[in-house]
Amino acid sequence: MLNSLDIEGRPQDTRVVVAMSGGVDSSVTAALLKAEGYDVIGVTLQLYDHGAAVHRPGACCAGQDIHDARAVAERIVIPHYVLDYEERFKEAVIDPFAESYVAGETPVPCVECNQAIKFRDLLATARALGANLLATGHYVASRALAGGGRALYCARETERDQSYFLFATTREQLEHLRFPLGDMTKAQTRELARRFGLPVADKHDSQDICFVPSGRYSEVIERLKPGAAEPGEIVDEAGRVLGSHSGIIHFTVGQRRGLGIAAGRPRRCAPVASGCAT
């Protein structure tokens, strides 16, 4: 007989690793599964040097968040581990993030973090811990298909849906992933947090770019890629200088506003040394 997580076995015989970021969503996920009787293990990842981000509201995977995750684990009485993923996070997420901006693109680091760090490395760690499943606090639904396998579905609350950040999740990964909050609203999640007596019930939501302490991504890119923010000229196809820019990392493909020039029509933009050809 299938349990509430769609696998054979009683909840008490089913081990689930919960990725606990220290926020209310993952904390409620762990508390819900614990309340249902599952063998829950909480795992928190230290992903970057958190020194400058510890006191910034909305930061995640930083010092205070690790403390909060540990406090929640103690409250609901589950084992909790903190794993140092800082080096692999830099290689898989931060470095490509900077390189993408230097190339004139605007990356979404959460996509790569989910795919490479959480659903690959952490999932492997969960299996090493003897877990049947890895659960997260994402607002997305995962349901079994009639012909076998599983599929992702948008969350109940459109404003909270995070399916976009999980588009690269593979079918094989989905077999081992669960998202208990997919059919809940944020208000319901916070109410559950209060019922469970969790210390993070009213904690701020995390920001998308968790490793940017100041909220200014250009500072991170300049540190990783010195000279990336150098100003240059905006040049059209004929070689005419139309204006200047403060560094291509401040702009993205397809951008038309904020360039300081009036082109009159969409222009193709590509980096040329420290300048930009339109």
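Residues numbered from 1 in each chain as written. Predicted model: local features only at pLDDT ≥ 70, side-chain atom pairs only at ≥ 80, totals over all residues. Heavy atoms only, no water.

*Asks:* Could you clarify how one ought to interpret the sheet that holds strand β4 (residues 133-135) in this entry?
*Replies:* Where strands meet in a sheet, backbone hydrogen bonds hold them as pairs that are either parallel or antiparallel. The five strands lie next to each other as β3-β2-β1-β4-β7, forming an open sheet whose pairing is parallel. Unpaired on one side and paired on the other, β3 (80-84) and β7 (177-178) mark the two borders of the sheet. Where β4 and β7 come together, two bridges link them in parallel fashion. Pairing of Ala-135 across the sheet is with Arg-178, part of β7. Contacting β1 (15-19), β2 (39-46) and β4, helix α1 (residues 24-35) crosses the sheet at an angle of about 165 degrees to β1. Where helix α4 (residues 109-128) meets the sheet, its contacts fall on β1, β2, β3, β4 and β7, and the angle it forms with β4 comes to roughly 135 degrees. (Pairing = 2+ DSSP bridges. Helix = DSSP H or I, 4+ residues; strand = E, 2+ residues; numbered from the N terminus. Contact = heavy atoms within 4.5 Å. Axes fitted to C-alpha atoms, helices over the stretch in contact; angles between N-to-C directions.)

*Asks:* Looking at this structure, how should I read unusual backbone geometry?
*Replies:* Most peptide bonds are trans, and most residues other than glycine sit at a negative phi. One non-glycine residue, Asp-6, lies in positive phi territory at about 65 degrees. Residue placement: Asp-6 occurs in the segment before β1. Looking at Asp-6, the relative accessible area reads 33%, which means it is partly exposed. Positive phi is not limited to glycine here, since Val-77 has a value of about 60 degrees. Along the chain, the position of Val-77 falls in the loop between α2 (63-76) and β3. (Buried < 20%, exposed > 50% of the residue type's maximum accessible area, 1.4 Å probe, protein only.)

*Asks:* For this particular structure, what's the right way to read helix α3 (residues 86-102)?
*Replies:* Count 3.6 residues to each turn of an α-helix, and residues three or four apart come out pointing the same way. Its 17 residues place the ends of α3 22 Å apart at the C-alpha level, agreeing with the 24 Å of an ideal helix rising 1.5 Å per residue. Along α3, the sharpest kink reaches roughly 30 degrees, centred on Ile-94 and followed within four residues by the proline Pro-96. Taken together, the buried positions of α3 are occupied by Phe-89, Ala-92, Val-93, Ile-94, Phe-97, Ala-98, Ser-100 and Tyr-101. In this structure, the buried residues of α3 make contact with α4 and α7 (217-224). (Expected span 1.5 Å × (residues − 1). Bend = angle between axes of the 7 residues up to and from the residue.)

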